[in-house]
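# Examination of the molecular architecture
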Amino acid sequence: MHILILGGTTEARRLAERLAEQAPGLRVTNSLAGRVAAPRLPPGEVRVGGFGGAEGLAAWLRAHAVDALIDATHPFAGTISFNAARAAADAHVPLLALRRPGWVPVAGDDWREAGSLTEAAELLPALGSRVFLTTGRMGLAAFAALDAQWFLVRSVDAPEAPHPPRMEVLLDRGPFTLEGERELLRRHRVDVVVSKDSGGAATAPKLTAAREAGLPVVVVRRPPVPEGVPVVAEPAAAVRWITDRIGGR
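Residues numbered from 1 in each chain as written. Predicted model: local features only at pLDDT ≥ 70, side-chain atom pairs only at ≥ 80, totals over all residues. Heavy atoms only, no water.

### Some points on the overall build of the protein chain
The criterion, for reference: Secondary structure elements are defined from DSSP: runs of H or I of at least 4 residues count as helices, runs of E of at least 2 residues count as strands, and each element is numbered from the N terminus. Only C-alpha atoms enter the radius of gyration, while the globule expectation follows 2.2 Å times N to the 0.38, with N the number of residues. Relative accessibility decides the category of a residue: with a 1.4 Å probe and only protein chains considered, values under 20% of the type maximum give buried, values over 50% give exposed, and everything between is partly exposed. In this description, contact between two residues means that some pair of their heavy atoms is separated by no more than 4.5 Å. Accessible areas in this description were obtained via Shrake-Rupley with a 1.4 Å probe; residue shielding takes into account the shown protein chains only. All tallies of charge rest on Lys and Arg as positive and Asp and Glu as negative; His and the ends of each chain are not included. Each charge is placed at NZ for Lys, CZ for Arg, CG for Asp and CD for Glu.
When you go through the protein chain residue by residue, the secondary structure sums to 7 helices and 12 strands. By the compact-globule yardstick of 18 Å for 249 residues, the protein chain fits well, its C-alpha radius of gyration being 19 Å. Principal axes of the C-alpha set define a box for the protein chain whose edges measure 60 × 30 × 30 Å. Looking at the protein chain residue by residue over its 249 residues, the buried ones come to 48%. For the protein chain, contacts bridging at least 24 residues in sequence account for 68% of all contacts bridging at least 6. For the protein chain, the accessible surface area stands at approximately 11800 Å², while carbon and sulfur atoms represent 52% of it. A distance of 2 Å separates the average location of the 29 positive side-chain charges in the protein chain from that of its 27 negative side-chain charges.

What follows is the structure, encoded as structure tokens:
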């Protein structure tokens, strides 16, 4: 049985590790988008790069006799998720989405929701002048017109133009500690944080540090999972979904 995991996330890697341990007879192919220069490679076969849209992915599923497709991409990788739904339907391959739960505000949080990066940029002039931007290196063009704000941009790889004119880049990869995030906000005199609702524990400490410091946080809402696609929140649940299908063969 051949499983294709659309990955690049911690959950995708953990799923591949669990499958290697619990179902060693499976053939598992991990697909990475190739946007990170030195990704952490999961066990199993690895392919890097796009498929050429939904039609290309459907053709790949057929050509490689894929029996089940797992969309374990980043919650904000919306295009590939919709391509996966179309491709799975065209190729008649079962599809499951593995998505970490989104963050939920708690008492003391000062969150401002935005529907997009552009909407987040529009909120910033009224909120602060020193911005901790944690949305990654993609999409910085949405903030490029803001010349009154200074940005601390954290990403795994160096961003490319267009980007904000007043910007310092911090190359780093999570997980991050609460103490480290407190110090970062203090040292850079941050007065507003911008984050996508990526969920998970690896980057959540920035939200706690912002709450402790009384800082507003602009949270960009995640796009929805394509309609009709079943969703699980944990790699263990995805393993059960896969093994149920093994048992039915």
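### Quick look at the sheet that holds strand β10 (residues 192-196)
So the rule is basically this: What makes two strands pair is DSSP finding at least two bridges between them. With axes taken as lines fitted to C-alpha atoms, and helix axes fitted only over the stretch in contact, angles between N-to-C directions fall between 0 and 180 degrees.
The 6 strands lie next to each other as β6-β11-β10-β7-β8-β9, forming an open sheet whose pairing is parallel. If you trace the sheet from one side to the other, it starts and ends with β6 (110-114) and β9 (167-171), each paired once. Along the sheet, successive strands turn relative to each other by an average axial angle of 20°, direction set aside. Inspection of the sheet shows β10 paired to strand β11 (residues 216-220) by 4 bridges, in the parallel sense. In the strand pairing of β11, Lys196 is matched with Val220.

### A short note on the confidence of the model for the protein chain
A low pLDDT score tells you not to read the predicted coordinates there in detail. As a reminder, the rule being used: Summary of the metric used: pLDDT quantifies the predictor's per-residue confidence within the range 0 to 100.
When pLDDT is averaged along the protein chain, the result is 92, and 97% of the positions lie at 70 or above. Taken element by element, the predicted model of the protein chain shows its lowest mean pLDDT in helix α7 (residues 235-247) (89) and its highest in strand β7 (residues 130-133) (98).

### Digging into the pairing of strand β4 (residues 68-71)
Both faces of the sheet carry side chains from a regular strand, because those side chains alternate between them. In β4, alternate side chains face the same way, and those of Ala68 and Ile70 on one face and Leu69 and Asp71 on the other are all buried. Bridging between strand β1 (residues 2-6) and β4 involves 4 bridges; their strand directions are parallel. Each bridged residue has a counterpart across the sheet, and for Ile5 the counterpart in β4 is Ile70. Alignment of β4 against strand β5 (residues 95-98), held across 3 bridges, turns out to be parallel. Residue Ile70 lies in a different strand from β5, and its bridge partner there is Leu96.

### A word on the packing of aromatic side chains
The geometry of an aromatic ring pair is captured by two quantities: the separation of the ring centres and the angle between the planes. The condition is simple: For this analysis, a ring pair means two rings from Phe, Tyr or Trp (six-membered ring only for Trp) whose centres lie within 6.5 Å, classed as stacked if their planes differ by under 30 degrees, edge-to-face if by over 60, and tilted for the remaining angles. By definition here, charges over rings are those cases where NZ of Lys or CZ of Arg is within 6 Å of the ring centre and within 35 degrees of the ring normal.
Taken as a whole and assessed by the stated rule, the structure comprises 2 aromatic pairs. On the basis of an interplanar angle of 75° and a centroid distance of 5.7 Å, the ring pair of Phe51 and Trp60 is categorised as edge-to-face. When the ring centre of Phe51 is taken as origin, the NZ or CZ atom of Arg47, which lies over that ring, is 3.8 Å away. The ring of Phe176 has Arg154 lying over it, and the distance from NZ or CZ to the ring centre is 3.6 Å.

### Description of helix α3 (residues 78-91)
Helical geometry: 3.6 residues make up each α-helical turn, so side chains three or four residues apart lie on a common side. The line we're drawing: A helix's residues, less one, multiplied by 1.5 Å, set its expected span.
With 14 residues, α3 extends 20 Å from end C-alpha to end C-alpha; this agrees with the ideal 20 Å at 1.5 Å per step. Turning to α3, its buried residues are Gly78, Ser81, Asn83, Ala84, Ala85, Ala87, Ala88 and Ala91. Contact partners of the buried residues in α3: β1, α2 (53-63), β4 and β5. Following α3 by one or two positions, His92 adopts a phi angle in the positive range, close to 55°.

### Some details on the packing of helix α5 (residues 178-187) against helix α6 (residues 205-213)
This is how the line gets drawn: Geometric relationships in this document are graded by angle, where less than 35 degrees denotes roughly parallel, more than 145 denotes roughly antiparallel, 65 to 115 denotes roughly perpendicular, and other angles denote oblique. Throughout, a crossing is termed right-handed when the near helix is turned clockwise from the far one, and left-handed when it is turned anticlockwise from it by less than a right angle. Amino acids are sorted into nonpolar (Ala, Val, Leu, Ile, Met, Phe, Trp, Tyr, Cys and Pro), charged (Asp, Glu, Lys and Arg) and polar (every other residue, Gly among them).
Look at α5 against α6: their axes get within 8 Å of each other, and the N-to-C directions meet at 50°. If you check the angle between α5 and α6, you find them oblique. Considering only the axes of α5 and α6, their crossing is right-handed. Packed against α5, whose contacting residues are Leu178, Glu181, Arg182 and Leu185, the element α6 presents Pro205, Lys206, Thr208, Ala209, Ala210 and Glu212 at the interface. Here the contact of α5 with α6 is composed, by residue class, of 5 nonpolar, 1 polar and 4 charged.

### Describing a nonpolar patch on the surface
This is how it is decided: Patches here: salt-bridge-free residues with over 30% relative accessible area, like charges joined within 9 Å, nonpolar side chains (Val, Leu, Ile, Met, Phe, Trp, Tyr) joined within 5 Å. The working definition used for a salt bridge is a side-chain nitrogen of Lys or Arg within 4 Å of a carboxyl oxygen of Asp or Glu.
Where nonpolar side chains cluster on the molecular surface, the patch consists of Leu41, Val46 and Val48 and spans about 270 Å² of accessible area. In this structure, Val48 sits in strand β3 (residues 45-48).

### Considerations on the environment of Asp109
The test is simple: Two N or O atoms form a polar contact when they lie within 3.5 Å of each other; inside protein one atom must be a possible hydrogen donor and the other a possible acceptor, and for residues adjacent in sequence the pair counts only when both atoms belong to side chains.
Position of Asp109 among the secondary structure elements: in the loop between β5 and β6. In this structure Asp109 comes out as buried when scored by relative accessible area, which is 18%. Taking the C-alpha atoms as reference, Asp109 lies 28 Å from Val231; in sequence the two are 122 residues apart. Excluding anything up to four places from it in sequence, Asp109 contacts Leu207 and Arg211. Engagement of the side chain of Asp109 in a polar contact is seen with the backbone nitrogen of Val106, the distance being 2.8 Å. Of the polar contacts made by the side chain of Asp109, one reaches the side chain of Arg211; its length is 3.1 Å.

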